[in-house]
Amino acid sequence: MHNAPEMRNCQLGPDAEIEPNVMLGYQYPGWRKPLVLGNRARIHTGTVIYADTVIGDRFTCGHNVLVRAECEIGDRVVILHGTTLEGRLTIGKGVKIMAHVYLPSRTVIGSMVFIGPGVTFLNAMLPMREAGVAGVTIGNHVVIGGGVTIGPGVTISDNVFVGAGAVVMQDIPANSLAYGVPAQFRPLPEKFEKGNDPKQIFEGLDLWDNRPGDGSWKAEYYGDDVLL
Ligand SMILES: CC(C)(COP(=O)(O)OP(=O)(O)OC[C@H]1O[C@@H](n2cnc3c(N)ncnc32)[C@H](O)[C@@H]1OP(=O)(O)O)[C@@H](O)C(=O)NCCC(=O)NCCS
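Residues numbered from 1 in each chain as written. Predicted model: local features only at pLDDT ≥ 70, side-chain atom pairs only at ≥ 80, totals over all residues.

Peer 1: Any chance you could explain the sheet that holds strand β19 (residues 137-138) here in plain terms?
Peer 2: Consider a sheet: its strands pair through backbone hydrogen bonds, and that pairing is either parallel or antiparallel. Read from one edge to the other, the open sheet built from eight strands follows the order β1-β4-β7-β10-β13-β16-β19-β22, with strand pairing classed as parallel. For this open sheet the edge positions go to β1 (10-12) and β22 (155-156), each flanked by a neighbour on one side alone. Where β1 and strand β4 (residues 35-37) come together, three bridges link them in parallel fashion. By the bridge assignment for β4, Gln11 is matched with Val36. (Pairing = 2+ DSSP bridges. Helix = DSSP H or I, 4+ residues; strand = E, 2+ residues; numbered from the N terminus.)

Here's what the structure looks like:
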């Protein structure tokens, strides 16, 4: 098949479903180690993942996702189409990243985090004027709403909920609700306090979910170890 996935520099775990026109282990100047992917990876057409990156079990990845080198990505991470991971960054377990998200290098994301569509993370405050980069740090059980921009070096602590469209240029303490431009924060209202639901990691694909409607796929995806 002329458009079969290319997997020259990839250690792929068992039970993978890799669609055609996917490139795994892309070689760049100075690459050293193969891409390592855990079990049950699901990767859709058009995605490119570089060598020197390590990804855990049950990775689910949409179309045209770019993951560059030196990324460390935990188990049960879902990334939807058109998202860019610029490399040299860390993502925990059970993280769901929606479409068209931009993550530059030095970004650190905890576990059980939701990142809405079109979110932009930044890592340089005065690009082309001053050298140096400072990545964003995100804690556990954080929600970042759609279209949010997060400034260089900002830390968003555990269990923070950021409303859609916010521009976050200062650190946000744990258990806060933040929104607005520039974002202001206050204690998290009671209705948001319970943290993120692990069952929603693999759900919410809406129109594009072609799995059996009876929910029989859920046991396979959730397993016993999903509760983080
Ligand atoms: C921030 C958010 C959580 C607030 O929800 P809520 O507590 O139910 O808030 P309400 O709708 O009661 O609004 C409270 C006030 O905040 C304002 N507000 C709500 N969300 C806002 C936002 N994202 N930015 C600026 N102001 C916002 C409302 O206009 C309202 O103002 P008012 O008191 O002057 O009338 C919610 O609006 C939000 O942005 N959710 C994220 C949605 C998202 O991005 N989903 C991504 C997956 S598709």
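After that view of the structure, there is still more to cover.
Peer 1: Quick question: what am I supposed to make of the site of the ligand here?
Peer 2: Residues in close proximity to the ligand include Gly116, Gly145, Gly146, Phe161, Gly163, Ala164, Gly165, Tyr179, Gly180 and Pro189, which together make up its full environment. Residue composition of the shell around the ligand, grouped by class: four nonpolar, six polar and no charged. (Near = placed C-beta within 6 Å. Nonpolar A, V, L, I, M, F, W, Y, C, P; charged D, E, K, R; others polar.)

Peer 1: Which parts of the structure should I look at to understand the environment of Glu193?
Peer 2: With respect to the secondary-structure elements, Glu193 resides in the loop between β26 (184-187) and α1 (218-222). The spacing of Glu193 and Phe161 is 32 residues in sequence and 9.4 Å in space, taken between C-alpha atoms.

Peer 1: Looking at this structure, I do not really get the sheet that holds strand β23 (residues 161-162). What am I missing?
Peer 2: Pairing within the open sheet is mixed, and its ten strands lie in the order β2-β5-β8-β11-β14-β17-β20-β23-β25-β26. Both edges of this open sheet fall to β2 (17-18) and β26, since each of them pairs with a single strand only. Both strand β20 (residues 143-144) and β23 contribute to a ladder of two bridges, which runs parallel. Directly across from Ile144, in β23, lies its bridge partner Val162.

Peer 1: Sorry, what's going on with the environment of Val108 here?
Peer 2: When you line up the elements, Val108 lands in strand β16 (residues 108-109). Once the C-alpha coordinates of Val108 and Arg88 are considered, the two residues, 20 residues apart in sequence, prove to be 9.4 Å apart. Among residues more than four places away in sequence, those in contact with Val108 are Leu89, Thr90, Gly135, Thr137 and Ile138. (Contact = placed C-beta atoms within 7 Å.)

Peer 1: So what exactly am I meant to see when it comes to the pairing of strand β25 (residues 176-179) here?
Peer 2: Side-chain positions along a regular strand alternate between the two faces of the sheet. Burial along β25 is one-sided: the face carrying Ser176 and Ala178 is buried and the face carrying Leu177 and Tyr179 is not. With four bridges connecting them, β25 and β26 associate as antiparallel partners. Looking at β26, one finds that Tyr179 is bridged to Gln184. Counting the residues that bridge the hairpin from β25 to β26 gives four residues, and of these Gly180 lies at a positive phi of roughly 100°. (Buried ≥ 20, exposed ≤ 12 C-beta atoms within 10 Å, placed from the backbone.)

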